[in-house]
Amino acid sequence: MSVATSRRIINMISIIGLGLSIALSIYFINLGVFKDINALRGLVGHSVILGPIIFICLQILQVVIPIIPGGISSAAGVLIFGPYMGFVYNYVGICIGSVIIFLLGRRYGKPFILSMISDKTYNKYIGWLDNQSRFEKLFALAIFLPVAPDDALCLMAGLTNISLKKFTLIILLAKPISIFLYSMALIYGGTFLTGLLGG
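Described in the following lines is the structure provided in the data block. All values reported here derive from a predicted model rather than from experimental measurement.

1. Details of the overall build of the protein
And step 1. Scanning the protein for helices and strands turns up nine helices and zero strands.
And step 2. For the protein, the α and β elements follow one another from N to C terminus as α-α-α-α-α-α-α-α-α.
And step 3. Counting all 199 residues of the protein, 38% fall into the buried class.
And step 4. Intrachain contacts of the protein at a sequence separation of at least 6 include 74% that bridge at least 24 residues.

2. Quick look at the packing of helix α5 (residues 83-116) against helix α8 (residues 150-157)
And step 1. Between α5 and α8, the least distance of the axes is 6 Å, while the angle of their chain directions is 85°. Considered as vectors, α5 and α8 are oriented roughly perpendicular to each other. In this structure, α5 contributes Ser 98, Ile 101, Phe 102, Gly 105, Arg 106, Phe 112, Ile 113 and Met 116 to the contact, and α8 contributes Asp 151, Cys 154, Leu 155, Met 156 and Ala 157.
And step 2. Per-class residue counts for the contact of α5 with α8 are nine nonpolar, two polar and two charged.

3. Considering the nonpolar core
And step 1. Counting residues in hydrophobic clusters, the biggest one holds 38 residues, and the most contacted among them are Ile 117, Trp 128, Phe 139 and Phe 167.
And step 2. Within the residue set of this core, elements represented by two or more residues are α3 (50-64), α4 (70-81), α5, α6 (119-125), α7 (132-144), α8 and α9 (164-196).
And step 3. A total of nine residues in this core trace back to one element, the largest contributor, which is α5.
And step 4. Here Phe 139 is in contact with Trp 128, Leu 153, Cys 154, Phe 167, Ile 170 and Ile 171, once residues within four sequence places are set aside.

4. Here's the deal with the side chain of Gln 62
And step 1. Here Gln 62 lies in helix α3.
And step 2. On the accessibility criterion, Gln 62 (6% relative accessible area) is buried.
And step 3. Engagement of the side chain of Gln 62 in a polar contact is seen with the side chain of Gln 59, the distance being 3.1 Å.

5. What to know about the packing of α7 against α8
And step 1. Interhelical geometry of α7 versus α8 gives an angle of 155° and a closest axis separation of 10 Å. With respect to α8, the element α7 is oriented roughly antiparallel. The handedness of the crossing between α7 and α8 is left-handed. Note on element contacts: α8 touches α7 through Asp 150, Leu 153, Cys 154 and Ala 157, opposite Phe 135, Phe 139, Ala 142 and Ile 143.
And step 2. The residue inventory of the contact of α7 with α8, partitioned by class, reads seven nonpolar, no polar and one charged.

6. Considerations on the pattern of salt bridges
And step 1. The full count for this structure, using the stated rule, is two salt bridges.
And step 2. Between Lys 166 and Glu 136 there is a salt bridge, and its shortest N-O distance comes to 3.2 Å. Of the two residues, Lys 166 sits in helix α9 while Glu 136 sits in helix α7, which places them 30 residues apart along the sequence.
And step 3. For Lys 166, a relative accessible area of 38% translates into the label partly exposed.
And step 4. Of the residues examined, Glu 136 reaches a relative accessible area of 17% and is grouped as buried.

7. Quick notes on the side chain of Asp 150
And step 1. Structurally, the position occupied by Asp 150 is in helix α8.
And step 2. According to the relative accessible area criterion, Asp 150 is buried, its value standing at 12%.
And step 3. Reaching out from Asp 150, the side chain makes a polar contact with the side chain of Lys 175 at a distance of 2.9 Å.
And step 4. Beyond its immediate stretch of four places on either side in the chain, Asp 150 contacts Ala 142, Ile 143 and Lys 175.

8. Some points on the packing of aromatic side chains
We describe a pair of aromatic rings using the distance from one ring centre to the other and the angle between the two ring planes.
And step 1. Throughout the structure, instances matching the rule amount to eight aromatic pairs.
And step 2. With a centroid separation of 4.9 Å and an interplanar angle of 85°, the aromatic rings of Phe 81 and Tyr 89 are classed as edge-to-face.
And step 3. Classification of Phe 81 as buried rests on a relative accessible area of 19%.
And step 4. Overall, Tyr 89 belongs to the buried group, its relative accessible area being 14%.
And step 5. Geometrically, the ring pair formed by Tyr 108 and Phe 112 is tilted, given 5.8 Å between the ring centres and 45° between the ring planes.

Definitions and limits used
Residues numbered from 1 in each chain as written. Predicted model: local features only at pLDDT ≥ 70, side-chain atom pairs only at ≥ 80, totals over all residues. Heavy atoms only, no water. Helix = DSSP H or I, 4+ residues; strand = E, 2+ residues; numbered from the N terminus. Buried < 20%, exposed > 50% of the residue type's maximum accessible area, 1.4 Å probe, protein only. Contact = heavy atoms within 4.5 Å. Axes fitted to C-alpha atoms, helices over the stretch in contact; angles between N-to-C directions. Parallel < 35°, antiparallel > 145°, perpendicular 65-115°, else oblique. Nonpolar A, V, L, I, M, F, W, Y, C, P; charged D, E, K, R; others polar. Core = buried A, V, L, I, M, F, W, Y, C linked by side-chain atoms within 4.5 Å. Polar contact = N/O pair within 3.5 Å; in protein donor to acceptor, adjacent residues only side chain to side chain. Left-handed = near helix turned anticlockwise from the far one by under 90°. Salt bridge = Lys/Arg side-chain N within 4 Å of Asp/Glu carboxyl O. Phe/Tyr/Trp six-rings, centres within 6.5 Å; stacked < 30°, edge-to-face > 60°.

So, in structure tokens, the structure goes:
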């Protein structure tokens, strides 16, 4: 399968996922789940085991295949499970997904990576790979403070000589802050906008 064909497939999946996200959001608004946290939690069932497992799997999936925007799912995790367990489930799912795409990038190389990200993004960050030590520092900074596309960099890290152990350590140590800040910004930003619009 050519890069162009696989990229079209990925883009189509992303568009469908975004469309479904919008449709579900409208549906949830009509149900009033954004005004009633108990109704929102009810969407993942009352099972203390199955609900988190389903959510973590969805988070892994959205990292590997961008079906829904990561910010939406991260905010949903905190709203559904609360700030502490929501953060934990976000963290577990995103970290596992990040390791998976790193391994996919390493296994299938540049053609696979170009099918997942745009040429513009690839060309913008490929220069980071010229110096291994420099890449590791920049990569850790980008993961710690989401100033760059994390998933694209995780894929591109597969083209370097960074070990799986070091990659995983960077993800585990640097991801918590960005996940927490991103989730909180989305939740409280959404609450602010809702109040501003008289919702």
